[in-house]
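Now for the letters of each chain:
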Amino acid sequence: MGRIHVLSDQVANQIAAGEVVERPASVVKELLENSLDADATRIRIEIEAGGRKLIRIVDNGHGMGRDDALLAFERHATSKLRSSDDLLSIATLGFRGEALPSIASVARLTLDTRATDDEVGTSLEIAGGNILRVEDAGLPPGTTIAVRDLFFNTPARRKFLRSESTELSHVAALVTHYALAHPQKHFELHSSTQALLIAPAVLNAGERLFQIFGRETFESLIPVAAELDFAHAGIPEPPPWKRPADYEKPEAGFIRLSGFISKPELQKLNRNSIYVFVNGRLIRDRLILHAFTEAYRNIIPPTSFPVVLLFLEMPPQEVDVNVHPAKTEVRFRQSSFIHDFVRDSVRTTLMNARPAASFFTALTTSANASSSLMVDVSPLPGLDQPFYQPNTLVAESEPLIDPADTTTFDLSAPIVPESPGRLTFEGPGQSIGYDEVTHEAQPTLNSLATLKPLGQLRDSFILATNEEGLWIVDQHVAHERVLFEKILRERSVEKVQRQRLLMPVLIELLPAQMVTFAAIAEELERNGFEAEPFGPRTLAVKATPVGLEGRELEFVLDELLGATEKSAQVENEETRRTRIAASIACHAAIKVNMPLEPAKIDWLLAELGKTEHPTSCPHGRPIALRYSLKDIQRAFQRI
């Protein structure tokens, strides 16, 4: 008997389930995407025991007939594709035909469905991949799928599941993000005891964001929108000798970007709060994540990350979604073009918005590693009965959000004890339009030019005022931002000012620092340095950028040459240029505990107002904090 044999369908389906179904949230994702592809406008998800005991999804989509309901559980059976050519332009969320048979092979599944035009529906039951029952049933249009006892026949997979609260949090995050991506649809998420999410249909993503997370989170984000013709990307075409006689140049189409990005004051210590949707599909793509990092470079610290909710729309043929069984990774045909488009759009939005940091916000917020921008599933202490209110988000499980990242609950409904792990929200429990919630102009730094300085605080902070309120400006980081942008401008036109030293300064370096100097010597020269080796481990500096002298010169070179070999290898020319400019600006800037003349303060505030991004220094520290007039009036009980 030969060694090679063909696996049975049951084993093959269980192997496929290992790729598609990692945890209950994977099941919810596949079934939720099927509901969206079925043009459902109302979707209800019910979860018990974190999804181990029950996952039920009810939708009002177009449903299926009896034959389609049976065929849907065959491997690679799908209504989304007809030929291999369709793989080049996939416009649906699910298309591989693996999800339903894979789920049915590791769970007890019940399907109730009825097509809109049919008079009777179909009910079938499957356990471990075996069909147990098929019968006609009186059902409403749409589809209901109940998945019970997940991994009941694969105990090795079941024991790797996390706690019920952890699995529930993954489901809550997934449903929340798809609700954000499809604001025109009604979503509900229920656990066995509580309503976790009820989000009626609204007009746009702005309304949905306000509806779910409330005013405070909404006001900490900046809307972003951009569009670009793909013709600028140079769409590849077949050579003339391969074109048919009736060949017509394809339309390039457009790439559109919309969504929300966080102000620099809102930072996270990981990328878990960056959510990107491509043609309605939630993805995790390194290319896009790198574009965000570049967009926020020199605006937030390099160890912090922004909060992003971004929607990309492009022709289906420009993105390949068939590169991962769970369809969470994609490949772009014009990757560099899309990377630069996202980076430049986000950067331009930040430059134009110039958001002002609130004094109270700076006191109460700091970069934290909260799991994500998602609904809270922490328990409500002191409540015997589950609390439910339309358009509010209440849930149960272990705390997922850092308590420092929370605010108070403010609703006119019954008073609810504050949850220690809650990403809370405030506002009435009703849908509020995007225009209604943004009628107040967000504070920006465009008014820096109108500031009237009052003096210095401990010779380190400039106090100034205008009609908007009281401002506190860090004189060191303000001058650092001014110098940083000045250095980059002069560097771009090769007009960097330098000062020659009467006697060369000799600096002893380590062997690794000498290697680093050889790699960045050309860039140092373009930034105003004139230095050359003076022996095996000595550097002779003959000229420096204006403003650097004495110990500060040694500190700059030690900082620039102290970069590790690994970081030096991964940085590109732009990163190296900004790193050198930031270091020079930091050490040449006005220091703290330095008294300034009134004329110098006036000059500094005027120059700061002219910078492209006066929000933060190149290392990400805030420059100016605003204590608004309303905050002052509220503190004195005037309002």
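For the structure itself, look to the data block above.
A few points on the structure. In this text the structure is predicted, and so the values were computed from the model without any measurement.

Okay, the overall build of the chain next. A tally of regular secondary structure across the chain gives 18 helices and 23 strands. Taken across its 639 residues, the chain has 50% of its residues classed as buried. Relative to all contacts within the chain whose residues are 6 or more apart in sequence, the contacts with residues 24 or more apart total 73%. As presented, the chain carries roughly 31100 Å² of accessible surface, and 53% of it is formed by carbon and sulfur atoms.

This part covers helix H14 (residues 551–561). Within the sequence span of H14, burial applies to Leu553, Val556, Leu557, Leu560 and Leu561. Angularly, the buried residues of H14 cover 115° about the axis, an arc narrow enough to put them on a single face.

With that settled, consider the pairing of strand E5 (residues 130–137). As paired strands, strand E4 (residues 121–127) and E5 are joined by seven bridges and run antiparallel to one another. Note on E5: the bridge partner recorded for Ala127 is Asn130. Linkage of E4 to E5, two consecutive antiparallel strands, is achieved through a turn of two residues, within which Gly128 is found at a positive phi near 60°.

Overall, mixed pairing links the five strands, which are arranged E9-E10-E13-E11-E12 in an open sheet. The sheet is open, and its two borders are formed by strand E9 (221–229) and strand E12 (281–283), each paired with just one other strand. Taken over all neighbouring pairs, the strand axes of this sheet differ in orientation by 20° on average, direction set aside. Two elements, strand E11 (residues 274–278) and E12, share three bridges in a ladder whose sense is antiparallel. Among the inter-strand pairings, Val276 is bridged to a residue of E12, identified as Ile283. Lying over the sheet, helix H6 (residues 164–181) contacts E11, E12 and strand E13 (308–313), oriented at roughly 55° with respect to E11. Lying over the sheet, helix H9 (residues 335–353) contacts E9, strand E10 (254–262) and E13, oriented at roughly 135° with respect to E9.

Further remarks concern the nonpolar core. The biggest cluster of nonpolar side chains holds 62 residues, and the ones touching the most others in it are Val28, Ile45, Phe73, Val147 and Leu189. A total of nine residues in this core trace back to one element, the largest contributor, which is H6. The contacts of Leu189, once residues within four sequence positions are left out, are Ile45, Ile47, Val171, Ala172, Val175, Ala195, Leu196 and Leu197.

Before going further, it helps to spend a moment on the sheet that holds strand E3 (residues 108–114). The strand order E5-E4-E3-E6-E2-E1-E7-E8 describes an open sheet built from eight strands, whose pairing is mixed. The strands lining the two open edges of the sheet, one partner per strand, are E5 and strand E8 (195–199). When the angles between neighbouring strand axes are averaged without regard to direction, this sheet yields 10°. Where strand E1 (residues 42–48) and strand E7 (residues 186–190) come together, five bridges link them in parallel fashion. For Arg44, the partnering residue across the bridge sits in E7 and is Glu188. Against the sheet, helix H2 (residues 24–37) makes contact with E1, strand E2 (54–59), strand E6 (142–148) and E7, and its axis sits at roughly 10° relative to E2, the strand it touches most.

Following the criterion strictly, the structure yields five aromatic pairs and no others. Where Phe210 meets Phe218, the ring centres are 5.8 Å apart and the plane angle is 80°; that geometry is what we call edge-to-face. Judged by its relative accessible area of 5%, Phe218 falls in the buried class. A ring pair is formed by Phe277 and Phe311, whose centres lie 5.4 Å apart and whose planes are at 25°; its orientation type is stacked. Note that Phe277 is positioned in strand E11 and Phe311 in strand E13, a separation of 34 residues in sequence. Here Phe277 falls in the buried class, since its relative accessible area comes to 0%. Owing to a relative accessible area of 11%, Phe311 belongs among the buried residues under this scheme. Geometry around Phe152 places Arg108 over its ring, the cationic atom sitting 3.9 Å from the centre.

On to helix H13 (residues 511–526). For the α-helix, the turn length of 3.6 residues means that residues three or four positions removed from each other point alike. Taking 1.5 Å of rise per residue, the 16 residues of H13 would be expected to cover 22 Å, and the 23 Å separating its terminal C-alpha atoms lies within 8% of that figure. Along H13, the largest kink reaches about 60° and is centred on Ile520. On its buried face, H13 sits against helix H12 (475–492), strand E21 (530–533), strand E22 (538–545), H14 and helix H16 (573–588). A positive phi of about 110° marks Gly528, the residue just after H13.

Turning next to the packing of H2 against H6. For the pair H2 and H6, interaxial distance at closest approach is 9 Å and the crossing angle is 25°. Taken together, the axes of H2 and H6 lie roughly parallel to each other. Considering how the two elements wind past one another, H2 and H6 form a crossing that is right-handed. Along the contact surface, H2 presents Pro24, Ala25, Val28, Lys29, Leu32, Glu33 and Leu36, while H6 presents Glu167, His170, Val171, Leu174, Val175 and Tyr178. Its residues assigned to classes, the contact of H2 with H6 shows nine nonpolar, one polar and three charged.

What follows concerns the packing of H12 against helix H17 (residues 598–610). Here H12 crosses H17 at 50°, and the two axes come no closer than 9 Å. With respect to their mutual orientation, H12 and H17 come out oblique. Crossing handedness for the pair H12 and H17: left-handed. Of the residues in H17, those in contact with Gln475, Ala478, His479, Arg481 and Val482 of H12 are Trp603, Leu604, Glu607 and Leu608. Residues of the contact of H12 with H17, tallied by class, amount to five nonpolar, two polar and two charged.

A side chain with one charge may pair with a side chain of the opposite charge, provided their charged atoms come close. Per the counting criterion, the structure on display carries 30 salt bridges. Ionic pairing is found between Arg577 and Glu574, a salt bridge with its closest N-O pair at 2.7 Å. With a gap of three residues between them, Arg577 and Glu574 both fall in helix H16, about one helical turn apart. The partly exposed category is assigned to Glu574, whose relative accessible area is 39%.

This part takes up unusual backbone geometry. Although it is not a glycine, Asn279 sits at a positive phi angle of roughly 50°. Tracing the backbone through its elements, the reader meets Asn279 in the loop between E11 and E12. In the Ramachandran plot, Asp459 falls in the positive-phi region, its phi being about 55° despite a non-glycine side chain. Counting through the fold element by element, Asp459 comes out in the loop between strand E17 (452–457) and strand E18 (461–466). Here Asp459 falls in the partly exposed class, since its relative accessible area comes to 32%.

Attention now goes to the environment of Phe218. Note on placement: Phe218 falls in helix H7 (residues 205–219). A C-alpha to C-alpha distance of 9.8 Å links Phe218 and Arg208, two positions ten residues apart in sequence.

Glancing now at the side chain of Arg114. One can find Arg114 in strand E3. The charged side chain of Arg114 is buried without a salt bridge, its nearest counter-charge being Asp118 at 6.7 Å. A distance of 2.9 Å separates a polar atom in the side chain of Arg114 from the backbone oxygen of Leu139. The contacts of Arg114, once residues within four sequence positions are left out, are His62, Gly63, Met64, Glu119, Val120, Gly121, Leu139, Pro140, Pro141 and Gly142.

Cut-offs and rules
Residues numbered from 1 in each chain as written. Predicted model: local features only at pLDDT ≥ 70, side-chain atom pairs only at ≥ 80, totals over all residues. Heavy atoms only, no water. Helix = DSSP H or I, 4+ residues; strand = E, 2+ residues; numbered from the N terminus. Buried < 20%, exposed > 50% of the residue type's maximum accessible area, 1.4 Å probe, protein only. Contact = heavy atoms within 4.5 Å. Areas by Shrake-Rupley, 256 points an atom, 1.4 Å probe, with all protein chains shown as cover. Arc of directions from axis to C-beta. Pairing = 2+ DSSP bridges. Axes fitted to C-alpha atoms, helices over the stretch in contact; angles between N-to-C directions. Core = buried A, V, L, I, M, F, W, Y, C linked by side-chain atoms within 4.5 Å. Phe/Tyr/Trp six-rings, centres within 6.5 Å; stacked < 30°, edge-to-face > 60°. Lys NZ or Arg CZ within 6 Å of the ring centre and 35° of its normal. Expected span 1.5 Å × (residues − 1). Bend = angle between axes of the 7 residues up to and from the residue. Parallel < 35°, antiparallel > 145°, perpendicular 65-115°, else oblique. Left-handed = near helix turned anticlockwise from the far one by under 90°. Nonpolar A, V, L, I, M, F, W, Y, C, P; charged D, E, K, R; others polar. Salt bridge = Lys/Arg side-chain N within 4 Å of Asp/Glu carboxyl O. Lys, Arg positive; Asp, Glu negative; His and termini not counted. Polar contact = N/O pair within 3.5 Å; in protein donor to acceptor, adjacent residues only side chain to side chain.

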